[in-house]
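The primary structure of each chain is shown beneath.
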Amino acid sequence: MIPATAPRDRGEASDAELLAATAAGDHGSFSALVERYQTRFFAVARRMLGDDAEAEDAVQTALLRIYRGASAYRDDWRPSTWLYRVLTNVCIDLWRKRSRRREKAAGPGTQPTVPLADRVDVDRALGRLPPEARAILLLCYVEDLSYGEIARIRGISVNTVKTQLGRAKRAMRHHLNEANP
Amino acid sequence: MTPRTHDDRLRELLDPPAPPAGFAERALRAVRERDQRGDGALRFDIAASNAGVARLRPGTGRTEADSWRARALAGQAREQLAEYMQGLRSFFTVPVDLSAVAPFQRSVLDATATIPFGEVRSYRWIAERIGCVKAVRAVGIALGRNPVSIVVPCHRVLRTDGSLGGYALGLELKTCLLDLERETPALVGADTTRIVCRHGCPDEQRIGERHRVVFSSLREARAAGYRACRRCRPVDA
């Protein structure tokens, strides 16, 4: 049975309505939300982690957190801001865990390398950025979000977004030129 | 190269591949499966302060926390609770905040927290342990008002004759938790390293299926020549 709060036409419902219906237990609204965000979520996670399977894991974990935490969503944030925040946090966590595993496996004193990402130059270049900077770069260039929204997603100031973005772009240019002189 | 063309090049390079076929369906299925497993735990209302979890009750999955740290602790409690309910964990590392609890009740809860996973004690045992032999009934009342059920395991306290006694969250849940603890291993060792971990320790996850050995107490593990993990530090009561 669909609860009374479920929007009649989920295709036209706003993100906030879908989140509210999800919090009320309507799985159909959650499916509609997943349908709407799947391409964007996969894009960020895939570029963050440099690997299809890991991106899929990350998106599933983020969606689970969103599904469970839908009732914690407050409408003083845009829904997309909250959704991207959950996703980028999951990706950064995963990346850090993976780096720690890599460091352990490689032993002390070795430079962490970027596995799985070395097939493609751009993934390798991205993998050399700190995860925070990478997330900001992707939110700006892949998702086309404003500095203000990126700042809210990452919980930092607009100026920090600009500084990090500038650094990330310079580093990308450097790494890419290094790869293709 | 001008900044504009670098921007364009970046945008072009970062243009990501489309999600693989069946991506959304797989994600939805995974969410449903993972949610159902830890469902009971997720529907808990959890209140936390900077010091730890202050209240934990079955509800709608709400979180009450005023700071980032408190929210993080509430999240950690929810995660550990879900793992516990799924039989993936035998201990909690999330701190509890009992500052709002009266001193007598606090001593009762402190004593209760020492009861090992999978074991039970009587109300009388708690009363003796806190040095108030005659306060058996008061112990029962204090446990009935336990604000952090499950994390402080008041479900492991039974009547002296072995009958269930009471439980604030319902006797059905008490039975269910005791059954869960009977079925879930408390300690897991690796026959290669001869190290024994509490079930749910990150180091336990590296033990291969073929090398897993299950123990009910540290004493038993020591007798078999195992030493305690230095990370999760299993102890005997």
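Cut-offs and rules
Each chain has its residues counted from 1, following the order in which its sequence is written. Each chain gets a letter, beginning with A, and each ligand a number, beginning with 1, in the order they are written. At least 70 in pLDDT is required for a residue's local features to be given in this predicted model, at least 80 for side-chain atom pairs to be given and counted, and no such filter applies to totals for whole chains, interfaces and linings, which use all residues. Strands pair, by our definition, only if DSSP identifies at least two bridges between them. A run of H or I in DSSP counts as a helix once it spans at least four residues, and a run of E counts as a strand once it spans at least two, with each numbered from the N terminus. Put simply, a residue is buried when 20 or more other C-beta atoms lie within 10 Å of its own C-beta and exposed when 12 or fewer do; between those, it is partly exposed, and each C-beta is set from the backbone. The nonpolar core is taken to be a set of buried Ala, Val, Leu, Ile, Met, Phe, Trp, Tyr and Cys residues joined by way of C-beta atoms within 7 Å. By the criterion used throughout, residues are in contact when their C-beta atoms, derived from the backbone, lie within 7 Å.

Trainee: Please provide a residue-by-residue account of the sheet that holds strand S1 (residues 44-48) of chain B, values included.
Mentor: All names here are of chain B. In spatial order, the strands read S2-S1-S3; together these 3 strands make up an open sheet with mixed pairing. Lying at the two open borders of the sheet, with one neighbouring strand each, are strand S2 (53-58) and strand S3 (63-64). Taken together, the 5 bridges between S1 and S2 define a ladder with antiparallel strand orientation. Looking at S2, one finds that Asp45 is bridged to Arg57.

Trainee: Give me the sheet that holds strand S8 (residues 212-215) of chain B: which residues, what numbers.
Mentor: Residue and element names in this part refer to chain B. One open sheet holds the 4 strands; their spatial order is S8-S6-S7-S9, and the pairing between them is mixed. Only two strands of the sheet have a single partner each, and these edge strands are S8 and strand S9 (227-228). Bridge count for strand S6 (residues 187-190) against S8 is 4 bridges, and the pairing is antiparallel. Within S8, the residue paired with Ala190 across the bridge is Arg212.

Trainee: Give me the pairing of S1 of chain B: which residues, what numbers.
Mentor: Residue and element names in this part refer to chain B. The buried fraction of S1 is high, at 4 of 5 residues. Following S1, the chain reverses through 4 residues before pairing antiparallel with S2; Gly52 in that reversal takes a positive phi of roughly 160°. The pairing of S1 with S3 spans 2 bridges and is classified as parallel. Along S3, the bridge assignment pairs Ile46 with Thr63.

Trainee: Go over the nonpolar core with me, naming the residues and quoting the values.
Mentor: Ranked by internal contacts, the top residues of the largest apolar core, which has 56 residues, are Ala45, Ala58, Val59, Leu63, Leu87, Cys91 and Leu139 of chain A. For this core, the leading source of residues is helix H2 (residues 27-49) of chain A, giving 12 residues. Setting aside anything within four residues of it in sequence, one finds Leu87 of chain A in contact with Phe41, Val44, Ala45 and Ala62 of chain A. Listed in part, the 36 residues of the second largest apolar core include Ala54, Val96, Val101 and Val157 of chain B.

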